[in-house]
Amino acid sequence: MGGPMAANLVRAGYRVLGHDLVESCLAAAEESGVERAKSATEAAAAADVVITMLPAGRHVLSLYGQEGLLEAARPGTLLVDCSTIDVADSRAAHAAAAATGHRSLDAPVSGGVVGAEAGTLTFMAGGEETAFAAAEPLLSVMGKKAVHCGGAGAGQAAKICNNMILGVSMIAVSEAFVLAESLGLSDQALYDVASAASGQCWALTVNCPVPGPVPTSPANRDYRPGFAAPLMAKDLGLAANALRAGGIDAELGLKAAELYARFAEGAGADQDFSGIVRAIRAASSQTTATQEGTTA
């Protein structure tokens, strides 16, 4: 997602230096006008604002500390971390930034690759209000909405809560389509009703898990990821950890984390998270076959 986000900044007239460990990502970024940096620290040393997007909290903390990004950055540099990571790791990153004289913001995003390309992401930001105000012009280029959620780590808290809603709702929508199929109701008919009734939600109207009703959904591209299942599994895992730590009675959130972890480790490893409808359909077929065998 960082590539298209950087490209949107270039199109808006900003000079962008970029680094990625994957050569193909760097090459694509260069084609969009991003200047190649030999390392993240080299890019940081020449920047007023450093935007990072990494897989996990340990990567952010390592980059900030062991790999020397905080040391390389000029005093007062604004650090905007768009990774989705554990709240505790995010707060540790904020503390490390402050200790080295930098401003910081955690600003995870919602909207997937499609949103990154279109510049329609939603940013959930945590940190000082002054840091948010400084970052807002950039966030407005990369997204359509930026919400200041509170202090350090608040953006991460908002993100895992939002994605718990998304994961649970995608499972519910997928189960409904599989149920409709078993009852002889067409996908289009269910969509036409639910999208205009109380079942309406983003998982249905934007990322519909079956081909046909929403032409732009990943289901029409053989579930090529917009938001990959392993990323959803990661986010739900973070939510599950927070639920357990807080003693929250949230059966659906914990079950969604379990289902997506299993899906991401298996058939969903390279699929969009909406592809879980396939797993639900397959499991349903197996259950039906077992029941029929028992009856016979």
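None of the values given here were measured: they were computed from a predicted structure.

Rules and cut-offs
- Residues numbered from 1 in each chain as written.
- Predicted model: local features only at pLDDT ≥ 70, side-chain atom pairs only at ≥ 80, totals over all residues.
- Heavy atoms only, no water.
- Helix = DSSP H or I, 4+ residues; strand = E, 2+ residues; numbered from the N terminus.
- Buried < 20%, exposed > 50% of the residue type's maximum accessible area, 1.4 Å probe, protein only.
- Contact = heavy atoms within 4.5 Å.
- Areas by Shrake-Rupley, 256 points an atom, 1.4 Å probe, with all protein chains shown as cover.
- Lys, Arg positive; Asp, Glu negative; His and termini not counted.
- Charge placed at Lys NZ, Arg CZ, Asp CG, Glu CD.
- Core = buried A, V, L, I, M, F, W, Y, C linked by side-chain atoms within 4.5 Å.
- Phe/Tyr/Trp six-rings, centres within 6.5 Å; stacked < 30°, edge-to-face > 60°.
- Salt bridge = Lys/Arg side-chain N within 4 Å of Asp/Glu carboxyl O.
- UniProt positions renumbered as here; feature names shortened; annotations may be inferred.
- Polar contact = N/O pair within 3.5 Å; in protein donor to acceptor, adjacent residues only side chain to side chain.
- Expected span 1.5 Å × (residues − 1).
- Axes fitted to C-alpha atoms, helices over the stretch in contact; angles between N-to-C directions.
- Parallel < 35°, antiparallel > 145°, perpendicular 65-115°, else oblique.
- Nonpolar A, V, L, I, M, F, W, Y, C, P; charged D, E, K, R; others polar.
- Left-handed = near helix turned anticlockwise from the far one by under 90°.

Chemist: Looking at this structure, how should I read the overall build of the protein chain?
Modeler: The secondary structure content of the protein chain amounts to 14 helices and eight strands. With respect to the principal axes defined by its C-alpha atoms, the protein chain has extents near 75 × 45 × 35 Å. Going through the 296 residues of the protein chain one by one, you find that 42% of them count as buried. Long-range contacts, defined as pairs at least 24 residues apart, comprise 64% of the intrachain contacts of the protein chain with a sequence gap of at least 6. For the protein chain, the computed accessible surface area is about 14,300 Å², with 57% contributed by carbon and sulfur atoms. In the protein chain, 19 positive and 30 negative side-chain charges are present, and the distance between their average locations comes to 2 Å.

Chemist: I keep staring at the nonpolar core and nothing clicks. Help me out?
Modeler: What tends to happen in soluble globular proteins is that the nonpolar side chains get buried as a cluster. Counting residues in each nonpolar core, the largest one holds 33 residues, and the members touching the most others are Phe177, Leu204, Met232, Tyr260, Phe273 and Ile276. Of all the secondary-structure elements, those providing two or more residues to this core are helix 9 (154-182), helix 10 (187-194), helix 11 (202-205), helix 12 (229-246), helix 13 (251-265) and helix 14 (276-295). Top contributing element to this core by residue count: helix 9, with seven residues. Excluding residues that lie within four positions of it along the chain, Leu204 makes contacts with Val173, Phe177, Tyr191, Ala194, Ser195, Gly199 and Val214.

Chemist: Sorry if this is basic, but what is going on with the packing of aromatic side chains here?
Modeler: What characterises a pair of aromatic rings is the spacing of the ring centres plus the angle enclosed by the ring planes. One pass over the full model with this rule turns up three aromatic pairs. Here Tyr260 and Phe263 contribute two aromatic rings whose centre-to-centre distance is 6.4 Å and whose plane-to-plane angle is 75°, an arrangement assigned as edge-to-face. Taken together, the residues span about one helical turn, with Tyr260 and Phe263 both in helix 13 at a distance of three residues. Residue classification places Tyr260 among the buried residues on the basis of a relative accessible area of 0%. A relative accessible area of 6% places Phe263 in the buried class. Among the aromatic residues, those joined into a cluster by ring pairs are Phe227, Tyr260, Phe263 and Phe273.

Chemist: Explain the pattern of salt bridges to me, please; I cannot follow it from the model alone.
Modeler: Pairs can form between side chains of opposite charge once their charged atoms are near each other. A complete count under the given rule lists nine salt bridges for this structure. In this structure, Glu30 and Arg36 form a salt bridge, with 3.0 Å as the shortest nitrogen-oxygen distance. Judged by its relative accessible area of 38%, Glu30 is partly exposed. When the shortest N-O distance is used, the salt bridge between Arg262 and Glu258 registers 3.6 Å. Taken together, the positions of Arg262 and Glu258, both in helix 13 and four residues apart, correspond to about one turn of that helix. Connected via shared salt-bridge partners are Glu23, Glu30 and Arg36.

Chemist: Where do I start with the UniProt feature "domain: 3-hydroxyisobutyrate dehydrogenase-like NAD-binding" (unreviewed entry) in the protein chain in this structure?
Modeler: UniProt's feature table lists "domain: 3-hydroxyisobutyrate dehydrogenase-like NAD-binding" (unreviewed entry) at residues 153-279, given in the numbering used throughout. The distance separating the terminal C-alpha atoms of residues 153-279 is 34 Å; by composition the span is 61% helix and 0% strand.

Chemist: I keep staring at the side chain of Ser83 and nothing clicks. Help me out?
Modeler: Within the fold, Ser83 resides in the loop between strand 4 (78-81) and helix 6 (87-99). Of note is the side chain of Ser83, whose polar atom sits 2.7 Å from the side chain of Asp81. Once residues lying within four places of it in the same chain are set aside, the contact partners of Ser83 are Thr52, Met53, Leu54, Val60, Pro108 and Gln156.

Chemist: How should I be thinking about the UniProt feature "domain: 6-phosphogluconate dehydrogenase NADP-binding" (unreviewed entry) in the protein chain in this particular structure?
Modeler: The residues that UniProt annotates with the feature "domain: 6-phosphogluconate dehydrogenase NADP-binding" (unreviewed entry) are residues 1-150. Overall, residues 1-150 shows 47% helix and 22% strand. The separation of its end C-alpha atoms is 24 Å.

Chemist: Teacher, can you tell me more about the side chain of Ser169 here?
Modeler: Here Ser169 is to be found in helix 9. Ignoring sequence-local partners within four residues, the contact set of Ser169 consists of Cys201 and Ala203.

Chemist: What exactly am I supposed to notice about helix 9 here?
Modeler: Because an α-helix packs 3.6 residues into every turn, residues spaced three or four apart end up facing the same way. With 29 residues, helix 9 should reach 42 Å at 1.5 Å per residue; the first-to-last C-alpha distance of 43 Å fits that figure. Directly after helix 9, the chain includes Gly184, whose backbone phi takes a positive value near 85°.

Chemist: Would you mind showing me how to read the packing of helix 9 against helix 13 here?
Modeler: Each pair of packed helices can be described by the angle between their axes along with the distance between the axes. Between helix 9 and helix 13, the shortest axis-to-axis distance is 9 Å and the interhelical angle comes to 70°. Viewed along their axes, helix 9 and helix 13 adopt a mutual orientation that is roughly perpendicular. Between helix 9 and helix 13, the contacting residues are Met164, Gly167, Val168, Met170 and Ile171 on the first element and Leu252, Gly253, Ala256, Leu259 and Tyr260 on the second. Residue composition of the contact of helix 9 with helix 13, grouped by class: eight nonpolar, two polar and no charged.

Chemist: Where do I start with the packing of helix 9 against helix 10 in this structure?
Modeler: Running from N to C, helix 9 and helix 10 cross one another at 130°; their axes reach a closest spacing of 9 Å. Taken as axis vectors, helix 9 and helix 10 run oblique relative to one another. As helix 9 packs across helix 10, the resulting crossing turns out to be right-handed. Residue-level contacts link Ala176, Phe177, Ala180 and Glu181 of helix 9 to Asp187, Leu190 and Tyr191 of helix 10.

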